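A look at the structure
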Amino acid sequence: KCGHRPGVAVRGPSQAAMARTLGRANTSVLNSSEDKELLDVISSVKTRIQDKLGTVNFQIPEFIIVGGQSTGKSRLIETLAGEQFNFICGSLGSRRPTRLEFRNDPKLADARWYVLEEGKFKPYSQAQVMEILKNSHESLGMSVSTEEVTVKLESPTCIDMQVVDLPGFRKFADTPDKQKLQSDIDRMNRGFMQNENCVMLCVEQAGDASTYSTLQVCREYDPNYRRTILVRSKFDKYYHDLSPSPGVDRWVKGEGDLPDSLVTFALSMPHWSDGEGIPQGITFVGMREQSNVADLEQVRALNIQSENLAKVGYENFSRFMSKKIKEMFASAVLPVIKQMSDLQSKLETDRRKLLEEKKSIDPAVLEETVKSVARTFGDTLASVLEGDVGNEGGKTLEQELEEFAQFCQDFGITTVDVSPSPEIGQKEYVEYLTGEDDAGFKAIADAGYELFGGAQYKRLIAEVEIYIRFAELPKQIEAQDVVQARGVSMNSITWKDVVVKLLSHEAHINTKHRVQYVSERLGWFFREQKTYIMMSLERRAQSDRDGLASKCHTLLTGNAEIRQLVFDAYDGVVARQMKNFIQLYEKTIGSTFSNPWAFLKKQSLDVNEDRLRQMEKLPTFADSQKRIPQELRGRGALEMKLGQWCAEIPANEAKIDEAVEKVEQLVYTIFAFIRAQVSDQVELFVDSFFKVPMLRTLGDAMVRIGISPEGRKRYEERTEEIEAEVKILDGQIDELKECLHQLKDFASRNNMR
């Protein structure tokens, strides 16, 4: 854009300038010992931490060099090093990151080269290092790797810095393999560029700023150019396109194509014709100085402004880099100390937890621990039923019945019908339970509340009571049934016996299915309480972190095998109690239908206002003598009534139709009486045959659980794993402690706060 103006000479360095340059020290930037120590400390910490802990995202800044092929990226690295060492990677170029650490040491006569191997820098000759670098890239073939190879250079001519050289972006690829390689390199480079800790040295050949393709990629990840430094290389090739100020100043600023926030430098670097080496009589460093002087002389001759002069030449660039490196790494020390301290605390916590786990699975104490946890878990059920749990996680009755129906379907439980009558479905049953009739009656008042624990248990009792009240005889009693039950002779058995036969056969079968439903509902409910037991333990653990509940909760949540053992034992107790409940309840129902007369005797005590007034004081012996005969006479009233009905059934075979009708009426009536009393007493039966025995035996049953031989073997294997993990953590913690000591000592000596 700034064409060369006629009459303006393109000047090289003057003889006086050359003399001054060749008489200087080997490096153009004097490095303080503190700066060198800072870099050494950061580098050492990074290397040691990565060796022990792998990749850790510490806020340690680093420079990465990005650019296209043939933009002068490799020569820039040589210029920073003050050494010619570019390695040959064949026609495919570099395919992995190369980390370069430069340390300036004026006392050295010759450069020293090292390669990082197994966490330590091993010395090699320059030729050996170049061969190692070449092989590290060539071994990848047509692939790439993010695994770095790290080289260290100690030299009197280099700048103190460390930089990661990334493979060059490729513009052309003429085969599928090369196209894939191009894509893989692009992806890998972008992975580095998006890291906020990376400062990008973007190398573009001096020219029209609008054509800088790598800079466009940098802007994708750093839109404000906060961590981008543009290096326009091969500046000497652009001399002829420069014009006097203000033209040269506009070019340095980017001709409007570069934002003011972007730090830029233009510089020439040592170069020579292809196939030739460094000219005799001058060193690489000497050529670097010649290029620097030539750049400065050239723009000075064009009357460049001083603020833009600072953006030209290697010396200005290296001075800026030295200052930038110091600022970046110095500002990183305290955050890194904080990060490392936090990491040390985390690793120590992990170590403590592992040792606690090892102790908890020690076979010598594991058995007792499991039993203690199991007993605490079982004992907590009583607290849950009493309401000792939070107010979250409950179920409405509709949700409860839907989940129960799904449970029966999932586990193939075909002996239970979730609907109490063949005339209605589950949906209609739920609507009946949760809705109101025309008179405002609601079957279960708290059906819409999200309940659990004891409140949910009480509602369950109300629901199964209604379920039982829906019980009817399975079929209409026909005349044939009555005659068949009577036998071949009209006088062989009594009508009482006929009624018992019909009830035992028809009604008992139907009622048995109801008992199965009650049992499955109870089993489902108590199995569901495991969730609420865990909630109760968690709540108690929060208020008493060192108590038994806390230890129990920690083991149950942190050890899947112990949790499974305890849950299986608990479910086993529930299953056993379901079986016992069915047996006891069915025996009770069976005995009721086999002798309904005894079951249906009227209760001996009648409560009325007169009796209440009589009970305001303790009765005397005479009062008791008077009361007892009254109660005994009242007890048989219903039995006597039923006996009268039986006596009214005609025994004459000629009146068999009348007898059948009366027997049917009597069977239906007695069934209704029994159904009502069984429903009335369902809570008593459930408490007596299920809840109370379960609560009484649960704790003892839970402590009988044991660990299988397979389980013991797994715990032994886990113990070995823990010991290996603790050993690794010990090494990591020791390394962190040493690195922290190193950083804190440096920060203290340099008054960093």
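My aim in this report is to walk through the structure given alongside it, one point at a time. (Residues numbered from 1 in each chain as written. Predicted model: local features only at pLDDT ≥ 70, side-chain atom pairs only at ≥ 80, totals over all residues. Heavy atoms only, no water.)

1. Quick notes on the overall build of the protein chain
Looking only at helices and strands, the protein chain features 25 helices and 9 strands. Across the 753 residues of the protein chain, 47% fall into the buried class. Counting only contacts in the protein chain whose residues sit at least 6 apart along the sequence, the fraction spanning at least 24 positions is 82%. On the protein chain, roughly 38100 Å² of surface is accessible, and the fraction owed to carbon and sulfur atoms is 49%. (Helix = DSSP H or I, 4+ residues; strand = E, 2+ residues; numbered from the N terminus. Buried < 20%, exposed > 50% of the residue type's maximum accessible area, 1.4 Å probe, protein only. Contact = heavy atoms within 4.5 Å. Areas by Shrake-Rupley, 256 points an atom, 1.4 Å probe, with all protein chains shown as cover.)

2. Points about the side chain of Asn559
Along the chain, the position of Asn559 falls in the loop between α17 (548-558) and α18 (560-594). Of the polar contacts made by the side chain of Asn559, one reaches the backbone nitrogen of Ile562; its length is 3.0 Å. (Polar contact = N/O pair within 3.5 Å; in protein donor to acceptor, adjacent residues only side chain to side chain.)

3. Some remarks on the packing of aromatic side chains
Here the structure, examined in full by the defined rule, presents 26 aromatic pairs. Ring centres 5.2 Å apart and planes at 50° place the aromatic pair Phe265 and Phe320 in the tilted group. Of this pair, Phe265 sits in strand β9 (residues 263-266) while Phe320 sits in helix α10 (residues 314-360), placing them 55 residues apart in sequence. Exposure remark for Phe265: the relative accessible area of 4% places this residue in the buried category. (Phe/Tyr/Trp six-rings, centres within 6.5 Å; stacked < 30°, edge-to-face > 60°.)

4. What to know about the environment of Tyr212
Relative to the elements of secondary structure, Tyr212 occurs in the loop between β7 (198-205) and α6 (213-221). The exposure class assigned to Tyr212 is buried, which follows from its relative accessible area of 3%. It is 9.5 Å that separates the C-alpha atoms of Tyr212 and Gly67, two residues lying 145 residues apart in sequence. Ignoring anything within four residues of it in the chain, the contact list for Tyr212 reads Glu204, Gln205, Ala206, Gly207, Leu230 and Arg232.

5. Some details on a negative patch on the surface
Negative charge collects at one region of the surface, where Glu398, Glu402, Glu428 and Glu431 lie side by side. Elements with a minimum of two residues in the negative patch: α12 (397-410) and α13 (426-434). Within the element layout of this structure, Glu431 appears in helix α13. (Patch = residues over 30% accessible without salt bridge, like charges linked within 9 Å, V, L, I, M, F, W, Y side chains within 5 Å. Salt bridge = Lys/Arg side-chain N within 4 Å of Asp/Glu carboxyl O. Lys, Arg positive; Asp, Glu negative; His and termini not counted. Charge placed at Lys NZ, Arg CZ, Asp CG, Glu CD.)

6. Describing helix α8 (residues 284-301)
With 18 residues, α8 extends 26 Å between its outermost C-alpha atoms, agreeing within 8% with the 26 Å of an ideal straight helix rising 1.5 Å per residue. Within α8, 15 of the 18 residues are buried, leaving the element largely enclosed by the surrounding structure. Of the residues flanking the end of α8, it is Asn303, one or two places downstream, whose phi is positive at about 60°. (Expected span 1.5 Å × (residues − 1).)

7. Describing unusual backbone geometry
Residue Pro246 is bonded to the preceding Ser245 through a cis peptide linkage, with omega at 15°. Phi at Tyr225 is positive, roughly 55°, even though this residue is not glycine. Note on placement: Tyr225 falls in the loop between α6 and β8 (228-233). Assessed through its relative accessible area of 8%, Tyr225 is described here as buried. The phi torsion at Glu255 lies on the positive side, around 55°, for a residue other than glycine. With respect to the helices and strands, the residue Glu255 is situated in the loop between α7 (247-253) and β9.

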